Every structure is written in C-alpha cells, then in structure tokens.
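# Overview (structure and organization)
The chain contents come next:
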Protein chains: 2
Amino acid sequence: MTTEPDNESTAQPAIVLVGPQMGENIGAAARAMWNFGLDRMRLVAPRDGWPNPRAVAMASGAGRVLDKVKVAATTAEACADLTRVYATTARDRAMTKTVMSPEAAMAEARALAAAGERVGILFGPERAGLENADVIRANAVISVPTNPAYSSLNLAQCVLLVAYEWQRAAGVTAVEHRLAGTRPAEGAEVDRLVGHLVERLDEVGFFYPEAKRPSMIANLENLLRRSPLTDADVRTLHGVVRALAEKVRGRK
Amino acid sequence: MTTEPDNESTAQPAIVLVGPQMGENIGAAARAMWNFGLDRMRLVAPRDGWPNPRAVAMASGAGRVLDKVKVAATTAEACADLTRVYATTARDRAMTKTVMSPEAAMAEARALAAAGERVGILFGPERAGLENADVIRANAVISVPTNPAYSSLNLAQCVLLVAYEWQRAAGVTAVEHRLAGTRPAEGAEVDRLVGHLVERLDEVGFFYPEAKRPSMIANLENLLRRSPLTDADVRTLHGVVRALAEKVRGRK
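The structure presented is a predicted model; accordingly, all values stated were derived computationally and were not measured. (Residues numbered from 1 in each chain as written. Chains lettered and ligands numbered in written order. Predicted model: local features only at pLDDT ≥ 70, side-chain atom pairs only at ≥ 80, totals over all residues. Heavy atoms only, no water.)

## Quick notes on the confidence of the model for chain A
Should pLDDT be low for a region, the predicted coordinates there are not to be read in detail. Residue and element names in this part refer to chain A. Keep this limit in mind: The quantity known as pLDDT measures the predictor's confidence residue by residue, on a range of 0 to 100. In this analysis, two residues are considered to be in contact whenever any of their non-hydrogen atoms come within 4.5 Å of each other.
Of all residues in chain A, 88% attain a pLDDT of 70 or more, and the chain-wide mean is 87. Under a pLDDT of 50 for its full length, residues 1-10 has, in the predicted model, 21 contacts with residues more than four places off or in other chains. Note that residues 248-252 has pLDDT below 50 and, in this model, eight contacts with residues that lie over four places away or in other chains. Reported confidences for the modelled complex are a pTM of 0.84 and an ipTM of 0.80.

## Things to note about the nonpolar core
Cut-off, in case you're wondering: Put simply, a nonpolar core is a bunch of buried Ala, Val, Leu, Ile, Met, Phe, Trp, Tyr and Cys residues held in one set by side-chain atoms that sit within 4.5 Å of each other. Burial classes follow relative accessibility: with a 1.4 Å probe on protein chains only, a residue under 20% of its type's maximum area counts as buried, one over 50% as exposed, and anything between as partly exposed.
Counting 83 residues, the largest nonpolar core has L17(A), M41(A), Y86(A), L17(B), M41(B) and Y86(B) as its most contacted members. Excluding its chain neighbours within four sequence positions, the residues that come into contact with M41(B) are I15(B), L17(B), I26(B), A29(B), A30(B), M33(B), V65(B), L66(B), K68(B), V69(B) and K70(B). The next biggest cluster of nonpolar side chains, apart from the first, holds 45 residues, and it includes L193(B), L201(B), F206(B) and A243(B).

## Remarks on the pattern of salt bridges
Our working definition: The salt bridge criterion pairs a side-chain nitrogen of Lys or Arg with a carboxyl oxygen of Asp or Glu, the two atoms within 4 Å. Numbering of helices and strands starts at the N terminus; helices are DSSP runs of H or I of at least 4 residues and strands are runs of E of at least 2.
Overall, the coordinates contain 33 salt bridges over all chains when judged by the stated rule. Of the charged contacts in the structure, one is a salt bridge between D81(A) and R42(A), with a shortest N-O distance of 2.7 Å. Of this pair, D81(A) sits in the loop between α4 (75-79) and β4 (84-88) while R42(A) is found in strand β2 (residues 41-44), placing the two residues 39 residues apart along the sequence. The two residues D81(A) and R42(A) agree in class, both being buried. R225(B) is paired through a salt bridge with E221(B); the nearest N and O atoms lie 3.1 Å apart. Residue R225(B) and its partner E221(B) are located together in helix α9 (residues 213-226), separated by four residues, close to a single helical turn. Take R225(B): its relative accessible area is 5%, and that puts it in the buried class. Salt bridges sharing common partners tie together E103(A), E165(A), R168(A), E103(B), E165(B) and R168(B).

## Quick notes on the packing of helix α8 (residues 187-203) of chain B against α9(B)
All names here are of chain B. In plain terms, the rule: An axis is simply a line fitted to the C-alpha atoms; with a helix, the fit covers only the stretch in contact. Between two such axes, the angle follows the N-to-C directions and lies from 0 to 180 degrees. Here the angle decides the label: under 35 degrees means roughly parallel, over 145 means roughly antiparallel, 65 to 115 means roughly perpendicular, and every other value means oblique. Should the near helix be turned counterclockwise from the far one by less than a right angle, the crossing is left-handed, whereas a clockwise turn marks it as right-handed. Note on residue classes: Ala, Val, Leu, Ile, Met, Phe, Trp, Tyr, Cys and Pro are nonpolar, Asp, Glu, Lys and Arg are charged, and everything else, Gly too, is polar.
Two elements in contact, α8 and α9, have axes whose closest approach is 11 Å; the angle formed by their N-to-C orientations is 140 degrees. Classified by the angle between their axes, α8 and α9 sit oblique to one another. For the pair α8 and α9, the crossing hand works out as right-handed. Packed against α8, whose contacting residues are G187, V190, D191, L193, V194, L197, V198, L201 and D202, the element α9 presents R213, I217, L220, E221, L224 and R225 at the interface. Split into classes, the residues belonging to the contact of α8 with α9 amount to nine nonpolar, one polar and five charged.

## Considering the packing of aromatic side chains
So the rule is basically this: Any Phe, Tyr or Trp ring, taking Trp's six-membered ring, that has another such ring centre within 6.5 Å forms a pair; planes under 30 degrees apart are called stacked, those over 60 apart edge-to-face, and the others tilted.
The full count for this structure, using the stated rule, is five aromatic pairs over all chains. Ring plane angle 85 degrees and centroid distance 6.3 Å describe the contact between Y164(A) and Y164(B), whose orientation is recorded as edge-to-face. Pair noted here: Y164(A) is in helix α7 (residues 155-168) and Y164(B) is in helix α7 (residues 155-168), and the two residues belong to different chains. Exposure remark for Y164(A): the relative accessible area of 1% places this residue in the buried category.

## Quick word on helix α8 (residues 187-203) of chain A
To keep it simple, the criterion reads: For a helix, the expected span equals 1.5 Å multiplied by the number of residues minus one.
Its 17 residues give α8(A) an end-to-end C-alpha distance of 25 Å, which sits within 8% of 24 Å, the value for a rise of 1.5 Å per residue. Buried residues of α8(A): E189(A), V190(A), L193(A), V194(A), H196(A), L197(A), V198(A), R200(A) and L201(A), and no others. The elements touched by buried residues of α8(A) are α9 (213-226) and α10 (231-245) of chain A together with α10 (231-245) of chain B. Where α8(A) terminates, the next one or two residues include G205(A), which has phi positive at roughly 60 degrees.

## Looking at the sheet that holds strand β1 (residues 14-18) of chain A
Residues and elements named next belong to chain A. Operational definition: For two strands to be treated as a pair, DSSP must find no fewer than two bridges joining them.
Strands sit in the order β3-β2-β1-β6-β4-β7-β5 across an open sheet of seven strands; the sheet is parallel. Either end of the sheet is taken by a strand with one partner, and the two such strands are β3 (70-72) and β5 (99-100). Judged from the two bridges that link them, β5 and strand β7 (residues 140-142) form a sheet pairing that is parallel. Bridge pairing in β7 places M100 opposite I142. Its contacts with the sheet put helix α5 (residues 102-114) on β4, β5, β6 (119-123) and β7, and the angle it makes with β4 is roughly 160 degrees. Helix-sheet contacts for α7 involve β1, β4 and β6, and the interaxial angle to β6 is about 155 degrees.

## Quick word on the side chain of D233(A)
Rules: In protein, a polar contact means a hydrogen-donor-capable atom and an acceptor-capable atom, both N or O and within 3.5 Å, with residues adjacent in sequence counting only if both atoms are side-chain atoms; elsewhere, any N or O pair within 3.5 Å suffices.
With respect to the element layout, D233(A) can be found in helix α10. Residue class for D233(A) comes out buried when judged on its relative accessible area of 8%. Looking at D233(A), its side chain comes within polar contact range of the side chain of R226(B), at 2.9 Å. The contacts of D233(A), once residues within four sequence positions are left out, are P228(A), L223(B) and R226(B).

## Regarding the pairing of β1(A)
Residues and elements named next belong to chain A. Stated precisely, the cut-off is as follows: If you view a crossover with the strands going away from you and the path from the first strand over the helix to the second runs clockwise, you call it right-handed.
Burial of β1 is extensive: five of the five residues sit out of reach of the surface. Residues A14, V16 and V18 line one face of β1 and the alternating positions I15 and L17 line the opposite face, and both faces are buried. Examined bridge by bridge, β1 and β6 share four bridges and lie parallel to one another. Residue pairing across strands places A14 opposite G120, the latter belonging to β6. With four bridges joining them, β1 and β2 adopt parallel strand pairing. In the strand pairing of β2, V18 is matched with V44. Regarding topology, helix α1 (residues 23-35) serves as the crossover connection from β1 to the parallel β2, and that connection is right-handed.

What follows is the structure in structure tokens.
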C-alpha cells in the first residue's frame, strides 16, 4: 500500500483489521464504520485475499468504505504512516501499556487528528484477537469495559463501539425537543388554560370543601406546569375542557 | 406476564423487544445485553412464539437472559408496571417528543432507577421499527446519532449501544425526585386514564370528523405520556374528567 500521507485520513482514524478471516465480518465492520461516518479501512493480510465478494455483499450501502480499502502485507506496513496507534484487546496482556476506555481513547484521537496526527486503531482476527507483537506496536490499548463474567463482542461490534465513541467525541447534542410544527406554550397561555379549567370546574362544584379549593387549584396548576406543553397542546386541552363541560352550560 | 413489580428490575432497565421476528436476533440482543450486565428482557408478541430454539442457539453464554424472559401479548402489557419508558427510533416521527441521545437517556435512566423507578426501553421489529402507537406510549425517544447518509444499525447493535451507555453511566449520581408522598404513575394507570378520557369525550362527540378520531386520540395520549404524572395526578385527572362530564350522564 502507499505510505504517502493520505490527507483525508488526517481527519479521521484508520480502522485497521489485522488478519481478518471471514469476508462477512469485513463487510459488517465497514457498515459499523460508515454508520458513524468513518470510511478509512485498512486490511492486513486478509485470510481470503482481496477483493472479497462476501465482504461486498455484506457491506450493502457501505461499499464506499470497501472501495477505499488499503491492503497491507504486515501490521508494520499498515501502520507505516500513522503517528498514533491504538490496539483493541479484551484479554489482559502481560505488558506495560496504557489501557484506555473507547471514550478516553477517541477523545484523545480526536484531539490528535485535529492537530494533524495520523491515527489508527488495530482490531485483531475474529477468534484469537491481536498478537502481542501487534499490541506492542501500538502506542496504547483500548479495552471495552464489558461484563467481567461475559465478553462476547465480535469484530463488527467492537468497531461499532469505537466508531460510535469517535463520533460522540465530536460533541453531539444530548437532548433535543422535537416540536412537530409547534412551539412551547408561553406562561400566559397556561395561565388562561388553568383559568378556563378552574372556571368550568367551579360550575360543577368540583372544589369541595371550599377550604380545600386553593390547594386543589394549586395541584392542578402544578400538574399542568410540570408538563412540557406546546401551544397546540394548550388548544387541545381548552377543547377537551369545553367539550366535556358543554352540556353543563345547557348548550343545545 | 406478571405485572407485580419485579424488585430486581428496579436496578436495571427492562429491554423490551416489540414484535421481534428472527430468533437469531433475539439471541444476539441477549448477548449484547449481557455483555454489559443487563439481563431483563421482555418480548412483545414474538413472531415465532416463545421459547425459540434459534434464539437459544445464538445466545450462547447469555442463556440466563433468555431464561428470565417475560413474554407479553401487547406493548401495553409489557409496560404495565414501568414508570418511565423510552422508545428507540431512527425515523423522524411527526410528534412532540423529547429526543435523547443514548448517553443522555441512560444517564437519566440510571438516576431514575436509583430513585426507585421502573425503566424500560422499547426496540421495534427488525425491518419496520416501532409503530407510532408504541412511540406514543413512550415518555421519550432515544435516537442514535448515526451518519445522516447511512444508518444501518440492526436490532442487536442498537441494544448494544444502549446497554453500553447504561453501563458507562454507572457513575451518574441520582437526581432528586420530589414526589410529595406520591409515586410515578405506572403505564397501566395512564392507560386507564386515557381510556376514561376517550370514553367521556366520545359521549359528547368530541372526536369529529370520525376520520380524525385516531390522530386526535393519539395526540391526547402523547400529551399525557410526555407529562411526568404521579399516581395522585392520575386520580386528580380522573376526578376532573368525571366532574366535567357528570351532567352529561344526567346525574342529578
């Protein structure tokens, strides 16, 4: 593969699959990457050669990732132009290495890439995982904190979590209120709704005994204020109250 | 399924698979859950019935999750004992709902569970995803911020990301919930409130024209589900509806 710095790759990490076995897993990894906008995949000595029809079939929709794949004969060759390499591993290795969570590693990777570094993340073969030589080549280890009693992440799932954290490190809006063509109700609108409700309830003697009227009204208002009402909701509730109370006013 | 509160479930969210089709996907979802220590799975009308040998075969190692599965006939039944429900959805829905990232939603879910609430997360059928009726039933929506140009997360991957975020949120400190001697309303309680309201509104011909009846009811239910109602609130609202509608029924 070429080792001339790939300008595009400075913007995102290279996902390096070392000795991947089944084409289906390569395709699934490509999908996982593209789900979060990553499309720089590198393969080190794929067992069944390259290109791989099974990978293409599985990648449906994420073909662009496979079109850009760079194949290398060794991990060293695949990492030749990288300035910062992370090795993903589940097993504990008897070596001194910084072990990072996907979150911490991708936050760091984002910063390094922004500073112009070329980042790569190594993923081992489906069954055995990375060899110690590959882990040693990496600058740090990424370990997904799974259930100590059970860790069965497959290759694509591991790529998915790392790609997810890369994208999350970009800063994503946490909560968003989707108002299907409406806007949040203003205080005065809720005031009028409360007033209307109380008026109709007075007509049917709801607030009894009189002594409890203030606290009962306070409860109703509190209930309405706690709800994230929209202007449409307020109109709907006015309609509901009117409809239910209508006959009370003896309307025909 | 039983609706007696399951003590264990207060410690973790129920993963509710609505209308799952392939047993393999149920098994894969079980593995994704158990990877991050979750083992409360509920199934709503699984297409191929239950138990499902294919699910068991795929779940290898995560069988305990399937052993504890609770099967329900409807989403309402599966959510009857839950006090906070999230719906996972990719498609944009034309309804007013709080849309949260997996991160924000699981941080909140952790806090709510710690405060004694029973949390559940809905996942739709493999192909179509959740129906609007199920999304309306939820109190909030979880949307994974994937590549706008490509979102191909499968059921197990979606469960994996949510379970991962639940586990990542372990550090979150519980927010204080002031319920003044009340408790969060359960799904079944809100079901009955919606039913009562619709019944009384039908008596006064509120849903007109008939063609708009379903969407009008959906709006009302969605409005109620968005509100953090307590058991006391539900009783109050039953009283309000009854009081306003009373004369309609010709009570003296």
